[in-house]
Amino acid sequence: ALDFAGGTVVHISSGFAALALALVIGRRVGFGKYGMEPANIPWSILGAALLWFGWFGFNSGSALAANGLAASAFVTTNTAAAAGALAWMLVSWVHGGKPSSLGFVSGGVVGLVAITPAAGYVTPMASIIIGAVAGVICYSAMLFRQKKGLDESLDAWACHGVGGLWGALATGIFAAAAINGKSGL
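Parameters and conventions
- Residues numbered from 1 in each chain as written.
- Predicted model: local features only at pLDDT ≥ 70, side-chain atom pairs only at ≥ 80, totals over all residues.
- Heavy atoms only, no water.
- Helix = DSSP H or I, 4+ residues; strand = E, 2+ residues; numbered from the N terminus.
- Rg over C-alpha atoms; globule rule 2.2 N^0.38 Å.
- Buried < 20%, exposed > 50% of the residue type's maximum accessible area, 1.4 Å probe, protein only.
- Contact = heavy atoms within 4.5 Å.
- Areas by Shrake-Rupley, 256 points an atom, 1.4 Å probe, with all protein chains shown as cover.
- Lys, Arg positive; Asp, Glu negative; His and termini not counted.
- Charge placed at Lys NZ, Arg CZ, Asp CG, Glu CD.
- Expected span 1.5 Å × (residues − 1).
- 1 Å grid on protein atoms, 1.4 Å probe; cavity = no way out; pocket = protein on both sides within 12 Å on 5 of 7 lines; lining within 4 Å.
- Points joined across faces, edges and corners; volume = space filled by probe spheres on them.

Q: Where do I start with the overall build of the chain in this structure?
A: Along its length, the chain carries six helices and zero strands. Written out in order from the N terminus, the α and β elements of the chain read α-α-α-α-α-α. The C-alpha radius of gyration of the chain comes to 16 Å, within 12% of the 16 Å expected for a compact globule of 185 residues. Taken along its principal axes, the extent of the C-alpha atoms in the chain is 55 × 35 × 25 Å. Buried residues in the chain amount to 45% of all 185 residues. A separation threshold of at least 6 residues defines the contact pool for the chain, and within that pool the share at least 24 residues apart is 76%. Carbon together with sulfur atoms contributes 71% to the accessible area of the chain, which is approximately 9,300 Å² in total. Charged side chains of the chain number 8 positive and 5 negative; the gap between the two group centres comes to 6 Å.

Q: How should I be thinking about helix α5 (residues 124-147) in this particular structure?
A: Helical geometry: 3.6 residues make up each α-helical turn, so side chains three or four residues apart lie on a common side. Between the first and last C-alpha of α5 there are 35 Å, a value that for 24 residues agrees with the 34 Å anticipated at 1.5 Å per step. Along α5, the positions that sit buried rather than exposed are Ala126, Ser127, Ile130, Gly131, Ala134, Gly135, Cys138, Tyr139, Ala141, Met142 and Arg145. In this fold, the buried residues of α5 make contact with α3 (68-96), α4 (101-115) and α6 (156-174). Looking one or two residues beyond α5, the residue adopting positive phi is Gly149, at roughly 75°.

Q: Help me understand the environment of Ile25, please; the structure alone is not making it clear to me.
A: By the element assignment, Ile25 lies in helix α1 (residues 7-25). Judged by its relative accessible area of 66%, Ile25 is exposed. Here the alpha-carbon distance between Ile25 and Met89, two residues 64 residues apart in the chain, equals 31 Å.

Q: Could you clarify how one ought to interpret α6 in this entry?
A: Between its first and last C-alpha, α6 extends 25 Å over 19 residues, near the 27 Å set by a 1.5 Å rise per residue. Of all the positions in α6, only Ala156, Trp157, Ala158, Cys159, Gly161, Val162, Gly163, Gly164, Trp166, Gly167, Ala170 and Thr171 are classed as buried. Its buried side turned inward, α6 meets α1, α3, α4 and α5.

Q: How should I be thinking about unusual backbone geometry in this particular structure?
A: With the exception of glycine, most residues fall at negative phi, and the peptide bonds are largely trans. Even without a glycine there, the phi angle at Leu64 is positive, about 60°. For Asp155, which is not a glycine, the phi torsion comes out positive at approximately 55°. Since its relative accessible area comes to 10%, Asp155 is described here as buried.

Q: Can you walk me through the layout of surface pockets in this structure?
A: A probe matching the size of a water molecule, rolled over the atoms, marks out where space remains unfilled. In this model, the largest pocket occupies a volume close to 1,300 Å³. Looking at the largest pocket, it is lined by 37 residues, and the ones nearest its centre are Pro38, Leu102, Met142, Ser153 and Asp155. Among the secondary structure elements, those contributing two or more residues to the lining of the largest pocket are α2 (41-61), α3, α4, α5 and α6.

Q: Explain the environment of Ala5 here, please?
A: Position of Ala5 among the secondary structure elements: in the segment before α1. On the basis of relative accessible area, Ala5 is assigned to the buried category, the value being 8%. It is 20 Å that separates the C-alpha atoms of Ala5 and Ala132, two residues lying 127 residues apart in sequence. Every residue in contact with Ala5, bar those within four places of it in the chain, is listed here: Phe58, Asn59, Ser62, Thr116 and Pro117.

Below you can see the structure in the form of C-alpha cells.
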C-alpha cells in the first residue's frame, strides 16, 4: 500500500471510528426536532483556511526534504483541495438550490483528506480528479447519513472516512513512477 502522508491511519480510521461511535451512542437529545447548524460560519471558514495552510507543511513535509517531491506534494495538495471545494459547492448548489461558504470549505477539507495518501505519488492533473471526486462522493455520503437519520454531527465519516478511503484507492489508480520512483511502480 502506498500512503505518502498517513491518510490511511489518520483519515480512514478516524472516520470509520466516528461512524461506529455514532451507531453505538445513538442520537443527541433533540436531534431531528430542531436545527443544529454550525454556530459561527465565519469561524468555520477561518478554521478551514488555517487547516488548508497547515496541510501544506504536513503533506510537503512528508517528503522529509526540501526537494522536488516536496514541491510536487505542495502543488497536488492545493490543487486537490481547490477541486474538492469547487466540486462540493457545485453539487450542493445543484442539490440545494444555492451555494454555501460552509459547503465550499467542507469540500476543501475533503480534497485535502483525499490527496493526503497520494500527494507524493500523483500528478497535478490526477490531483484535480482526486479532489473533485472526493467532493462529490463525500457530499453524497453526507446526504446518505442524513437520509438514514444517523447523528454524526461533524460528518467525520462522510468527510474523513469516505474521503480517506477514496484517496487510498485513488493513490493506487493514479500513482506515477515519474513523480516518486520509490513507489515500486
